[in-house]
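Given next are the chains, with one letter for each unit.
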Amino acid sequence: MTNLTATELQLLRSCFDLARAAKQCGDTPFGACLADQNGTVLLESSNTTVTNQDVTAHAEIDLVRAASKSYSPAELEKMTLFSSAEPCAMCAGAIAWSGIGRIVYALGSERVEKLDQPVPHLPTVSGRKIMETAKGAPTVIGPVLEDEAAAVFSD
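Rules behind the numbers
Residues numbered from 1 in each chain as written. Predicted model: local features only at pLDDT ≥ 70, side-chain atom pairs only at ≥ 80, totals over all residues. Heavy atoms only, no water. Helix = DSSP H or I, 4+ residues; strand = E, 2+ residues; numbered from the N terminus. Rg over C-alpha atoms; globule rule 2.2 N^0.38 Å. Buried < 20%, exposed > 50% of the residue type's maximum accessible area, 1.4 Å probe, protein only. Polar contact = N/O pair within 3.5 Å; in protein donor to acceptor, adjacent residues only side chain to side chain.

- As recorded in an unreviewed UniProt entry, the protein chain goes by the name CMP/dCMP-type deaminase domain-containing protein, listed as coming from Litchfieldella anticariensis.

This is how it looks when you write it as structure tokens:
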């Protein structure tokens, strides 16, 4: 496993709680948060594609939108986005373009594909590859805590 601090693991696990909240609302269980260098949570978001009737209302997209309005590029570069799962191609592009300096995700896309509870419109393009190959690419860490992340789907 990648060397993450106890605080970083706690932040990643908080995304599982956000994902559970989304699931309770009838949405697909995905959650994300944005933290500064000290591990202070600045923003949180859950998937709301069903409740908002917006196919683009993924946790990471909503978070990137809010972050881009609230923080300068220099500030974003020092932040970490934590996500309950590997971002899809759409979210990965938004993360890369946002200038957020680092992303840590739990459930990898290969594992998402194998879930008993299918995820609608699962892309065939790796979000990780999109983020890693973007100009000014963020540091990408994951998958981490996959078993815990997968349990959110079956809870």
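### Notes on the overall build of the protein chain
Inference 1: Along its length, the protein chain carries seven helices and five strands.
Inference 2: Along its sequence from the N terminus, the protein chain presents helices and strands in the succession α-β-β-α-α-β-α-β-α-α-β-α.
Inference 3: Whereas a compact globule of 155 residues would reach a radius of gyration of roughly 15 Å, the protein chain reaches 14 Å, a difference of no more than 12%.
Inference 4: Seen along its three principal axes, the alpha-carbon backbone of the protein chain occupies a region of about 40 × 35 × 25 Å.

### Digging into the side chain of Glu86
Inference 1: As for its placement among the helices and strands, Glu86 is situated in the loop between strand 3 (80–85) and helix 4 (89–98).
Inference 2: The exposure class assigned to Glu86 is buried, which follows from its relative accessible area of 10%.
Inference 3: Here the side chain of Glu86 touches Gly127 through a polar contact of 3.3 Å, landing on its backbone nitrogen.

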